[in-house]
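Analysis of the macromolecular model
Spelled out, the chains give:
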Amino acid sequence: MTAAAAQLAREGGTGPLVRELPVLLFIAACSLIIRIWWMSNPVVDHDEQFYSYVATAMLDGQVPYVDIWDRKPVGLFLLFEGAHALLGRGATAYLIMADLFACIGAWLAYRIAALLADRRTGWVAALLYLLAMTVFGCRGAQSELLFTPLCLGMMYLAMAWPGSLRAALLAMLLGGLALQIKYTAAPFCAVFAAFVLIEDYRRERALLPLLGRACLYALVGLAPTFAVAAWYAAAGHFDDFFYANFVSIFERKTSVGRFHPKTLTVISPFLLMIAAGVWAWFRLGQTYPRRASVLVVLMTGGALASIYFPSNVLAYYYAFLAPFAVLLAVPFYDLRQRAGWFGAGLLVAALVVVGNFPANIAGGRADVAQFRALVDRINAGGERRSLYVFSGPTATYTATGTRPRTKYPFPFHSAEYFEHGALGWPQEAIVAEFLARRPMFVLTRSDYKLYAGSYTAPVVLGEMRAHYAEVGRYLILGDGLILWQRRPDGPPGAT
């Protein structure tokens, strides 16, 4: 690192909070301006609805993997549980938590960009981070938004305190916590650990101390997961924990795959940002700390390895690439040179255009209106109403007070082709359990082609035709949905 960067790191580590107050206020204000449009939306996205559902079940005494099933690490559910415990059971609770994580990630992007260039450039990086994460699938509380700040914290510690054992151990602990939010962070953590160990070896050139440090790093990084595993073992549920966390993901079928035909289209803004940064680095001749720059490049590779770790890569997974595209583009918006002001304005404007905020804000409001209409129609069924969400928002259960007593409430688990044989319990049995209760209402997709390959959709749709009548159609999160109501005893077609 250059002397200036090292000095900045020392100041950042010991400087008073008041020094950071202006940028923190800037980040908070920008975050609210960008994200406030979805802060009370109960249907921002599918996954976080279910994380919230599990978290509130935990508040009621249920145990993940035992009483209610998903394969995400328990740390993710604990974050949502904490948000609901502090701020109530509405969606606003976890959306406020998500906004806090967005601000932390933006502050870390600011700190790293300041190490690479200067503080003014860091302000631009913070704004670009908030825009990029929001544009690429993290308007709500997706897991990428929650574990990315921990990964950026690892990088910042390594940059600001090179060679420090304490900083390295804290970074490994942050990586371990990231794993307890989403296990796909593992390749990123592995690349980071390799970087630190290579530096350790170059300083000492001794294998035995290096082996000792490697074991220590691994132990600290895996400590959160070991602690969770120990708790489940002590409670007699280790098999449930192990299957959900480490076996079921490999039993999922491939549906989307790692390289969708639209992949390059989806990530093209990031590729253009990176290309602009590389061009400016060669063309404008500005110097950057070598070690810090190498770390950013290596960890970009680690982020890509994490994104492509699962066999099915969904579009919002690429949100994890956002901070690295922002950091690699620093030479393009480096405010130490006049051209950087043009680059900063261009990138901010580009992300605002790509984000299409007016249309997405309007879409979010339309989703909420449709969701409320759906909830009102179900609530009109009276006190004896019951519901099976075969496809659609999990939040419908909570909003209508019809939470089912089942281990597998998440719609994707009982409906989707790629989940067949990957749940520890047959999909057919899950569906049979729901249908045996003869629920008053059932929610399905309106486009049956989307159930292609599903093992259970024909059974559910056959039941709908035989015993249910369509009572409403809704469009939520781009999914066309049909609400079915069970007919009274009588011939088909009776209402």
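Note that the coordinates shown come from a computational prediction; the quantities given were computed from them, not determined experimentally.

1. Focus on the overall build of the chain
A count of helices and strands for the chain gives 21 helices and 4 strands. Over its C-alpha atoms the chain spans a radius of gyration of 24 Å, differing by no more than 12% from the 23 Å that the globule rule assigns to 495 residues. Here the contacts in the chain between residues at least 6 apart in sequence split such that 73% fall between residues at least 24 apart. Element-wise, carbon and sulfur atoms account for 66% of the exposed surface of the chain, whose accessible area totals about 21300 Å². Separation between the mean location of the 41 positive side-chain charges and that of the 31 negative ones in the chain comes to 6 Å.

2. Looking at the pattern of salt bridges
Between side chains of opposite charge, pairing is possible as soon as their charged atoms come close. Overall, the coordinates contain 17 salt bridges when judged by the stated rule. Among the ionic pairs, Glu 463 bridges to Arg 486, the shortest N-O distance being 3.7 Å. On the criterion of sequence distance, the pair formed by Glu 463 in helix α21 (residues 457-467) and Arg 486 in strand β4 (residues 479-486) is long-range, its members being 23 residues apart. Through salt bridges with shared partners, a single network forms among Glu 20, Arg 111 and Arg 119.

3. Structural notes on the sheet that holds strand β2 (residues 441-445)
Pairing is mixed across the open sheet formed by 4 strands, whose spatial order is β1-β2-β4-β3. The sheet terminates laterally at β1 (387-389) and β3 (468-476), the two strands that pair on one side only. Between one strand axis and the next, the sheet turns through 20 degrees on average, direction left out of account. Where β1 meets β2, 3 bridges bridge the pair, whose relative direction is parallel.

4. A few points about the confidence of the model for the chain
Per-residue pLDDT for the chain averages 92, and the proportion of residues at 70 or more is 95%. Note that residues 1-9 has pLDDT below 50 and, in this model, 15 contacts with residues that lie over four places away or in other chains.

5. Some points on helix α6 (residues 119-135)
Its 17 residues place the ends of α6 24 Å apart at the C-alpha level, agreeing with the 24 Å of an ideal helix rising 1.5 Å per residue. Burial analysis of α6 places 15 of its 17 residues in the buried class, the great majority of the element.

6. A word on the pairing of β4
Buried residues dominate β4, accounting for 6 of its 8 residues. Relative to β4, β2 is paired through 5 bridges, and the arrangement is antiparallel. Within the sheet, the bridge partner assigned to Phe 441 lies in β4 and is Gln 485. Where β3 lies against β4, 8 bridges are found, and the strand directions are antiparallel. Within the sheet, the bridge partner assigned to Ile 476 lies in β4 and is Asp 479. Here β3 hands over to β4 after 2 residues, with Leu 477 in that stretch at a positive phi of 55 degrees.

7. Some words on the environment of Leu 210
Secondary-structure assignment places Leu 210 in helix α10 (residues 207-234). Ignoring sequence-local partners within four residues, the contact set of Leu 210 consists of Leu 197, Asp 200 and Tyr 201.

8. Structural notes on the packing of aromatic side chains
The tally for this structure, following the rule as stated, stands at 34 aromatic pairs. Judged by centre distance (5.7 Å) and plane angle (90 degrees), the ring pair of Phe 320 and Phe 324 falls under edge-to-face. No difference in accessibility class separates Phe 320 from Phe 324, as the two residues are buried. Between Phe 410 and Phe 412, the ring centres sit 5.3 Å apart and the planes meet at 45 degrees, which makes this aromatic pair tilted. With a relative accessible area of 8%, Phe 410 lands in the buried category. What makes Phe 412 partly exposed here is its relative accessible area of 23%.

About the cut-offs
- Residues numbered from 1 in each chain as written.
- Predicted model: local features only at pLDDT ≥ 70, side-chain atom pairs only at ≥ 80, totals over all residues.
- Heavy atoms only, no water.
- Helix = DSSP H or I, 4+ residues; strand = E, 2+ residues; numbered from the N terminus.
- Rg over C-alpha atoms; globule rule 2.2 N^0.38 Å.
- Contact = heavy atoms within 4.5 Å.
- Areas by Shrake-Rupley, 256 points an atom, 1.4 Å probe, with all protein chains shown as cover.
- Lys, Arg positive; Asp, Glu negative; His and termini not counted.
- Charge placed at Lys NZ, Arg CZ, Asp CG, Glu CD.
- Salt bridge = Lys/Arg side-chain N within 4 Å of Asp/Glu carboxyl O.
- Pairing = 2+ DSSP bridges.
- Axes fitted to C-alpha atoms, helices over the stretch in contact; angles between N-to-C directions.
- pLDDT = per-residue confidence, 0-100.
- Expected span 1.5 Å × (residues − 1).
- Buried < 20%, exposed > 50% of the residue type's maximum accessible area, 1.4 Å probe, protein only.
- Phe/Tyr/Trp six-rings, centres within 6.5 Å; stacked < 30°, edge-to-face > 60°.

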